[in-house]
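Here is what each chain is made of, one letter per residue.
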Amino acid sequence: MSKPRYHEAVPDIDVEEFRKVVMSRRSVRRFDGTPLPDAVLDDCIDMALLAPNSSNLQPWEFHVVKTPALKKQMAAACLNQNAARSAQVLVVIVARTKTWKEHCDLTLQQWPQETVPKIVDNYYRKLARIHYTQGPLNLLGYGKRAFAAIAGLWRPMPRGPFTRADMKVWAAKSVSLGAENFMLALRAHGFDSCPMEGFDENRVRKMLSLPADAFVVMIVGCGKRAEDGVYHPRIRFERERFVKEH
Ligand SMILES: Cc1cc2nc3c(=O)[nH]c(=O)nc-3n(C[C@H](O)[C@H](O)[C@H](O)COP(=O)(O)O)c2cc1C
């Protein structure tokens, strides 16, 4: 007899409510000073943490900056942009390229069923460790790249990550999805955001004492939009430019 499969209940969904969230999310450059309740912020971060992410290795961190002195300093590091200066809270969204090993262990420890399926155990105990390790001086990464180049002549092979730069791209993909969940959640709560990459990373790293493997993906200004908080109507180019059917 085959094993019973896992089933999860799916709630009814209202696409129009989702559309309202997506359509009304704008990058807000002026916030009106309305306090952002902790419960709202916590809920938005909880939803960010539910974003899809590579191998479920959750390479993100959300650094919440709300103490006035640090917020002022952080806004200055964001080049004193209006979005940063007027935000109630600044959330620094950070990617980590070296937490994956610990997260492999945690996945195995916290597997939500009594026994860890063999394929999962094998992945987090062995395969992921080979896949994400680049080794000292990146030597293992170069070895994996050479192996993939040769074996790839005959069969499909993963073509990365093979370098520290690849690992940064790897982490940034997942962390960006977390950032988007976070901003949409704020909107669903009736609050607003502005993602920013205009900041002095060295200063931000120092302020938050970030470890060497961490990098800042974006800083999100959060709050309630001022009446003139959105500077102009939304611009998007024609769909045909971006959507290709094959
Ligand atoms: C990675 C990233 C970095 C951004 N950096 C800044 C920034 O430093 N300052 C700013 O005012 N807006 C910034 N934006 C917001 C974009 O300018 C904005 O998303 C874009 O113009 C589209 O407008 P919309 O978000 O209202 O649809 C950034 C957006 C992203 C995704």
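Conventions and cut-offs
- Residues numbered from 1 in each chain as written.
- Predicted model: local features only at pLDDT ≥ 70, side-chain atom pairs only at ≥ 80, totals over all residues.
- Heavy atoms only, no water.
- Axes fitted to C-alpha atoms, helices over the stretch in contact; angles between N-to-C directions.
- Helix = DSSP H or I, 4+ residues; strand = E, 2+ residues; numbered from the N terminus.
- Parallel < 35°, antiparallel > 145°, perpendicular 65-115°, else oblique.
- Left-handed = near helix turned anticlockwise from the far one by under 90°.
- Contact = heavy atoms within 4.5 Å.
- Nonpolar A, V, L, I, M, F, W, Y, C, P; charged D, E, K, R; others polar.
- Expected span 1.5 Å × (residues − 1).
- Buried < 20%, exposed > 50% of the residue type's maximum accessible area, 1.4 Å probe, protein only.
- Arc of directions from axis to C-beta.
- Patch = residues over 30% accessible without salt bridge, like charges linked within 9 Å, V, L, I, M, F, W, Y side chains within 5 Å.
- Areas by Shrake-Rupley, 256 points an atom, 1.4 Å probe, with all protein chains shown as cover.
- Salt bridge = Lys/Arg side-chain N within 4 Å of Asp/Glu carboxyl O.
- Lys, Arg positive; Asp, Glu negative; His and termini not counted.
- Charge placed at Lys NZ, Arg CZ, Asp CG, Glu CD.
- Phe/Tyr/Trp six-rings, centres within 6.5 Å; stacked < 30°, edge-to-face > 60°.
- Lys NZ or Arg CZ within 6 Å of the ring centre and 35° of its normal.

Undergrad: I'm lost on the packing of helix H3 (residues 68–77) against helix H9 (residues 201–208) in this one. Help?
TA: Packing of H3 against H9 brings their axes to within 9 Å, and their N-to-C directions diverge by 160°. Between H3 and H9, the interaxial angle falls into the category roughly antiparallel. As H3 packs across H9, the resulting crossing turns out to be left-handed. Across from Leu70, Gln73, Met74 and Ala77 in H3, the residues of H9 making contact are Arg203, Val204, Met207 and Leu208. Looking at side-chain class alone, the contact of H3 with H9 contains 6 nonpolar, 1 polar and 1 charged residues.

Undergrad: Looking at this model, I keep getting lost on helix H7 (residues 139–151). Mind explaining?
TA: Since there are 3.6 residues in each turn of an α-helix, residues three or four apart along the chain are aligned in direction. Spanning 13 residues, H7 covers 18 Å between terminal C-alpha atoms, matching the ideal 18 Å at 1.5 Å per step. The set of residues buried in H7 consists of Gly141, Lys144, Ala148 and Ala151. Along the long axis of H7, the arc covered by the buried residues comes to 100°, so they all point the same way. Opposite the buried face of H7, at more than 90 degrees from it, the exposed residues are Leu139 and Ile150. Buried positions along H7 lie against helix H6 (118–132).

Undergrad: I'm lost on a positive patch on the surface in this one. Help?
TA: Taken together, the side chains of Lys98, Lys101, Arg164 and Lys168 make up a positively charged region of the molecular surface. Locating Lys168 in the fold gives a position in helix H8 (residues 164–188). We classify Lys168 as partly exposed; its relative accessible area is 32%.

Undergrad: Sorry, what's going on with the environment of Cys44 here?
TA: Note on placement: Cys44 falls in helix H2 (residues 38–48). Look at Cys44 and you get buried, because its relative accessible area is 0%.

Undergrad: What's the story with the packing of aromatic side chains in this structure? I'm lost.
TA: In this description, an aromatic ring pair is defined by two values, namely the gap between the centres and the angle between the planes. Enumeration over the complete set of coordinates arrives at 5 aromatic pairs. Relative to Phe182, the ring of Phe62 lies with its centre 6.4 Å away and its plane at 50°, an arrangement referred to as tilted. One end of the pair, Phe62, is in strand E1 (residues 60–65); the other, Phe182, is in helix H8, and 120 residues separate them in sequence. Each member of the pair, Phe62 together with Phe182, is buried. Ring geometry for Trp100 versus Tyr132: centroids 5.6 Å apart, planes at 50°, classification tilted. Of the two residues, Trp100 sits in helix H5 (residues 100–109) while Tyr132 sits in helix H6, which places them 32 residues apart along the sequence. On the accessibility criterion, Tyr132 (4% relative accessible area) is buried. One aromatic cluster in this structure is built from Trp100, Tyr132 and Trp170. A cation over an aromatic ring shows up here: Lys168 above the ring of Phe215, its NZ or CZ 4.8 Å from the ring centre. For Lys224, the ring lying beneath its charged end belongs to Phe191, and the centroid distance is 4.6 Å.

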